[in-house]
Amino acid sequence: MITQVSNRKTRLAIIIAAVLKEPFICIYALLPFFLLKDLGAISLQIVIYTMLRPVSSIFSFYLSELISRNAITLKNALLWTGILARLSFIPALLTDSVSLYILGSTLFMIFSRAEIPAWMEIIKKNIDKEKWEKSFSLGSIISYSSGVLLTVFFATFMDAGPLAWKYIFSASLFLGAAAVCFQAFLIENDQVVAATSKRLKKGITLPIKNAILLMSKKREFRSFQIAFMIGGLGLMIIQPVIPIYFTSILSIKKSDMMVAFCICKALGFVFTTPIWNTMIKKVEPAAFIVFVLFGFALFSFFLIFSSISLSLIFLAYLIYGIAQAGSHLIWHLSGPMFSGEESSSRYSGVNIVMVGIRGLIGPVFGGALLLFLHPIYIFLFSMLLCIGGGMYYLRAEWERDSLDVNAL
């Protein structure tokens, strides 16, 4: 039974997590720039780094399955995954090894994403259903607002020395671990994590089987996934290119990159999220998805001209934040949107698989293109892929509507 005490404590845990975890989110976004500028990373290492981050989402699914098979409680699942995620970086911080930072980043993503199912179930068990959306919105607003304030504070120290970022990085890891402890301490209705499958083998193969089965049966869902795959690849191919271009060619200061990544992107996300929330209720899914993908195309467009003025980089990340707000919404709601009366978890699992596939292909392809092409041409190719994804979905929807009309 959900009580007022559990409601209040869990909402407090959401606020504490939003404030204490945000410093690391800000500094972690800039890690590839630090590896290039201060630790002498090579292009191949940045390609591997950007590839393993999305691929880790698949492994986090498997870790969640292992947790469910070992009768661990929600509180312990949250605590162990959250703490281990932050401990993953300790060897790298002690040695300054680029390879260990890549390994630490991968383990951090695996453990932190495996932390999410337990945290979502805790919220479900401790907050009234009608307050879920309000609680999440509050956490997001506090998190992004904290990020803006922290960036203003961090930026003054970022250019103080070649390894000044390490002190902020270490302190933010400690704050993140403290946040996890507070979350676990405030849990009221603790219980054993529910098993997601009868056999571990089934749990390992389930996401891939779901992806193949659902996309073969659901035409509209398949069109959505293909469109996002095309546009998503457009974004993934430039992930290893951006830090190399900004660091080696434009020589942008760390403080300026922090402003672009944390302030501009956050402002775009926060101020347009209410607009996206209203839009998704009033426009067709096809139009919504096209707006998102064209927004990412506009991001790549301004990166093409980023060498002209630093302000264009800030504008590009403001636009990225706007598009990301819409993408975040449609990505999380695509399961309920396309599932109808079925369980939406199977559809959400397909999203995770597709992110992993894009992570395997995109950064490697972008790194290969960087051997032959100037980054500007890769940004152009990215823009065309994002536009192509939107155009594909429009055509697929037009063909589906035509078939429906002919069937009448």
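Residues numbered from 1 in each chain as written. Predicted model: local features only at pLDDT ≥ 70, side-chain atom pairs only at ≥ 80, totals over all residues. Heavy atoms only, no water.

1. A few points about the overall build of the protein
Assigned secondary structure in the protein consists of 16 helices and 0 strands. In the protein, which comprises 408 residues, the share counted as buried stands at 51%. Considering only residue pairs separated by 6 or more positions, the protein has 86% of its internal contacts joining residues 24 or more positions apart. Of the roughly 19,000 Å² of accessible surface on the protein, 70% is carried by carbon and sulfur atoms. (Helix = DSSP H or I, 4+ residues; strand = E, 2+ residues; numbered from the N terminus. Buried < 20%, exposed > 50% of the residue type's maximum accessible area, 1.4 Å probe, protein only. Contact = heavy atoms within 4.5 Å. Areas by Shrake-Rupley, 256 points an atom, 1.4 Å probe, with all protein chains shown as cover.)

2. As for unusual backbone geometry
A positive phi angle, near 60°, is found at Asp-96, a position not held by glycine. Looking at where Asp-96 falls in the secondary structure, it is placed in the loop between α5 (90–95) and α6 (98–126). Of note in this structure, Ser-251 is not a glycine but carries a positive phi near 50°.

3. Concerning the nonpolar core
Grouped together as the largest cluster of nonpolar side chains are 95 residues, with contacts concentrated most on Phe-89, Phe-246 and Tyr-317. Residues in contact with Tyr-317, not counting those within four places in the same chain, are Ile-242, Phe-246, Ala-260, Phe-261, Cys-264, Lys-265 and Phe-299. Residues Leu-74, Leu-78, Ile-122 and Ile-123 belong to the second largest nonpolar core, which totals 15 residues. (Core = buried A, V, L, I, M, F, W, Y, C linked by side-chain atoms within 4.5 Å.)

4. Comments concerning the packing of helix α12 (residues 254–282) against helix α13 (residues 285–304)
Packing of α12 against α13 brings their axes to within 8 Å, and their N-to-C directions diverge by 145°. Where α12 approaches α13, its residues Trp-276, Met-279 and Ile-280 are matched on the opposing element by Phe-288, Phe-291 and Val-292. By residue class, the composition of the contact of α12 with α13 is 6 nonpolar, no polar and no charged. (Axes fitted to C-alpha atoms, helices over the stretch in contact; angles between N-to-C directions. Nonpolar A, V, L, I, M, F, W, Y, C, P; charged D, E, K, R; others polar.)

5. Some words on the packing of helix α4 (residues 74–87) against helix α8 (residues 164–185)
Running from N to C, α4 and α8 cross one another at 175°; their axes reach a closest spacing of 9 Å. Taken together, the axis directions place α4 and α8 in an arrangement best described as roughly antiparallel. Contacts between α4 and α8 pair Lys-75, Leu-78, Leu-79, Gly-82, Ile-83 and Arg-86 from the former with Leu-173, Gly-176, Ala-177, Val-180, Cys-181, Gln-183 and Ala-184 from the latter. Of the residues in the contact of α4 with α8, the class split is 8 nonpolar, 3 polar and 2 charged. (Parallel < 35°, antiparallel > 145°, perpendicular 65-115°, else oblique.)

6. Looking at the packing of aromatic side chains
Across all of its chains, the model carries 27 aromatic pairs by this definition. Taking 6.1 Å as the distance between ring centres and 70° as the angle between the ring planes, the aromatic pair formed by Tyr-28 and Phe-89 counts as edge-to-face. You can see Tyr-28 sitting in helix α1 (residues 4–28) and its partner Phe-89 sitting in the loop between α4 and α5, a full 61 residues away along the chain. Here Tyr-28 and Phe-89 have matching classes, each one buried. When the centroid spacing of 5.2 Å and the interplanar angle of 65° are considered together, the rings of Phe-301 and Phe-305 count as edge-to-face. When its relative accessible area of 32% is taken as the criterion, Phe-301 is described as partly exposed. Put simply, the rings of Phe-33, Tyr-245, Phe-246, Phe-261, Phe-296, Phe-299, Tyr-317, Tyr-320 and Phe-379 touch in pairs and so form one group of aromatic residues. (Phe/Tyr/Trp six-rings, centres within 6.5 Å; stacked < 30°, edge-to-face > 60°.)

7. So, the side chain of Arg-358
Locating Arg-358 in the fold gives a position in helix α15 (residues 345–370). You can call Arg-358 buried: its relative accessible area is 8%.

8. Some points on the confidence of the model for the protein
Model confidence for the protein is summarised by a mean pLDDT of 81, while 80% of its residues fall at 70 or above. Here helix α9 (residues 200–217) is the element of the protein with the lowest mean pLDDT, 66, and α5 is the one with the highest, 93. (pLDDT = per-residue confidence, 0-100.)

9. Here we look at the pattern of salt bridges
Summed over all chains, the structure comprises 2 salt bridges. Asp-38 is the partner of Lys-254 in a salt bridge, and the nearest nitrogen-oxygen pair spans 2.6 Å. Of this pair, Lys-254 sits in helix α12 while Asp-38 sits in the loop between α2 (31–37) and α3 (43–68), and the two are 216 residues apart along the sequence. Residue classification places Asp-38 among the partly exposed positions, given a relative accessible area of 21%. For Asp-96, the salt bridge goes to Lys-166, with nearest N and O atoms at 2.7 Å. (Salt bridge = Lys/Arg side-chain N within 4 Å of Asp/Glu carboxyl O.)

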